[in-house]
Amino acid sequence: MSDPNPYADDSYKWGPPQSQGNPPTMPDGQGYGYPAPGAPPAYGYPQPLPEGAAQPGPGYGYPGPGQPTETGFNLPVQHGGGGVPMLSLGDITVMNDSIVTPSGTLPLKGAVWTATDMSRTEEKIPTVGVVLAIVFALFCLIGLLFLLMKEKRTTGFVQITVTSGGRHHQTMIPATAPETFQWVMSQVNTARSMSA
């Protein structure tokens, strides 16, 4: 290589052809992205409303003027068609006449409920039991009784699925004990009886 940088002449060689001209200037000390002092706002800044236009509503997720809110949460209160919450399974709430999920409201009558146990319980000897068995095995054979110590640990989830009115929603409830699935099944059976 005889020339260390073949593009040292700073000429534009790649991409679409560029028009020859002067770069845009900033009048009146205007900096990039900021309107000139006293000038109307430019693109990207809040524009003034035209004459006769209604004031814009609140942003997404905020209640409008005159809309009731729950104390402490500043969320709109849902009125009409709701009912009384009877049961809650994860993010599924069963009302006395409907099922409320994050993906929408489903009819309660005729809903099909399914629960799947995706948890597992492991049983192992804890580290403390192994250490105590080794220490006391040197003194007497009674230390071997420490190997009978067992520790149970449950991990995983219980999946709940509800289908009603041609719509479908599922939620996962973390399993914290071996009895979690039985508790969830009792709640699902209650929801099934309400759906009948």
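So, how was this worked out
- Residues numbered from 1 in each chain as written.
- Predicted model: local features only at pLDDT ≥ 70, side-chain atom pairs only at ≥ 80, totals over all residues.
- Heavy atoms only, no water.
- Helix = DSSP H or I, 4+ residues; strand = E, 2+ residues; numbered from the N terminus.
- Buried < 20%, exposed > 50% of the residue type's maximum accessible area, 1.4 Å probe, protein only.
- Contact = heavy atoms within 4.5 Å.
- Areas by Shrake-Rupley, 256 points an atom, 1.4 Å probe, with all protein chains shown as cover.
- Core = buried A, V, L, I, M, F, W, Y, C linked by side-chain atoms within 4.5 Å.
- Pairing = 2+ DSSP bridges.
- Axes fitted to C-alpha atoms, helices over the stretch in contact; angles between N-to-C directions.
- Salt bridge = Lys/Arg side-chain N within 4 Å of Asp/Glu carboxyl O.
- Expected span 1.5 Å × (residues − 1).
- Arc of directions from axis to C-beta.

A. A look at the overall build of the chain. Across its full length, the chain holds two helices and seven strands. The order of helices and strands in the chain, counted from the N terminus, is β-β-β-β-β-α-β-β-α. In the chain, which comprises 196 residues, the proportion classed as buried is 20%. Restricting to contacts in the chain with at least 6 residues of sequence separation, those with at least 24 account for 48%. Carbon and sulfur atoms provide 61% of the accessible area of the chain, an area that totals close to 14,800 Å².

B. Examining the nonpolar core more closely. If you look at the biggest cluster of nonpolar residues, it comprises 18 residues, and the most contacted ones within it are Leu 89, Ile 99, Trp 113, Ile 160, Val 162 and Val 188. At the level of secondary structure, the elements contributing two or more residues to this core comprise strand S1 (85-89), strand S2 (92-95), strand S5 (112-124), strand S6 (151-164) and helix H2 (180-195). Looking at this core, the element that brings in the most residues is H2, giving four residues. Those residues in contact with Val 162, other than ones at most four positions away along the chain, are Ile 92, Ile 99, Leu 106, Ala 111, Val 112, Trp 113, Arg 167, His 168 and His 169.

C. Structural detail: the sheet that holds strand S7 (residues 167-174). Strand order in this open sheet of three strands is S5-S6-S7, and the pairing throughout is antiparallel. The open sheet has two free edges, formed respectively by S5 and S7, since each of these has just one partner strand. Looking at each pair of strands side by side, their axes are set apart by 10° on average, direction ignored. Here S6 runs beside S7; their pairing, made up of eight bridges, is antiparallel. Bridge pairing in S7 places Val 162 opposite His 169. Along the sheet face, H2 touches S5, S6 and S7 and points at about 175° away from the line of S5.

D. Broad picture of the pattern of salt bridges. Following the criterion strictly, the structure yields one salt bridge and no others. In this structure, the salt-bridge partner of Arg 120 is Glu 122, at a minimum N-O distance of 3.0 Å. Assessed through its relative accessible area of 35%, Glu 122 is described here as partly exposed.

E. Quick look at the sheet that holds strand S3 (residues 98-101). With respect to topology, four strands assemble into an open sheet ordered S1-S2-S3-S4, the strand pairing being antiparallel. Across the chains shown, the open sheet's two edge strands, defined by having one partner strand only, are S1 and strand S4 (104-107). The average undirected angle you get between the axes of adjacent strands in this sheet is 20°. One ladder, built from four bridges, connects S3 with S4; its direction is antiparallel. Paired with Val 100 across the strands is Thr 105, a residue of S4. Each of S1 and S2 touches H2; the most contacted strand, S1, lies at about 140° to it.

F. Here's a closer look at H2. Across its 16 residues, H2 extends 23 Å between first and last C-alpha, which sits within 8% of the 22 Å expected from 1.5 Å per residue. Burial in H2 covers these residues: Thr 180, Val 184, Met 185, Gln 187, Val 188, Ala 191 and Ser 195. Angular distribution of buried residues about the axis of H2 spans 165°; they occupy a single face of the element. Along H2, the residues that are exposed and aim more than 90 degrees away from the buried face are Gln 182 and Ser 193. If you follow the buried residues of H2, they end up packed against S1, S2, S5, S6 and S7.

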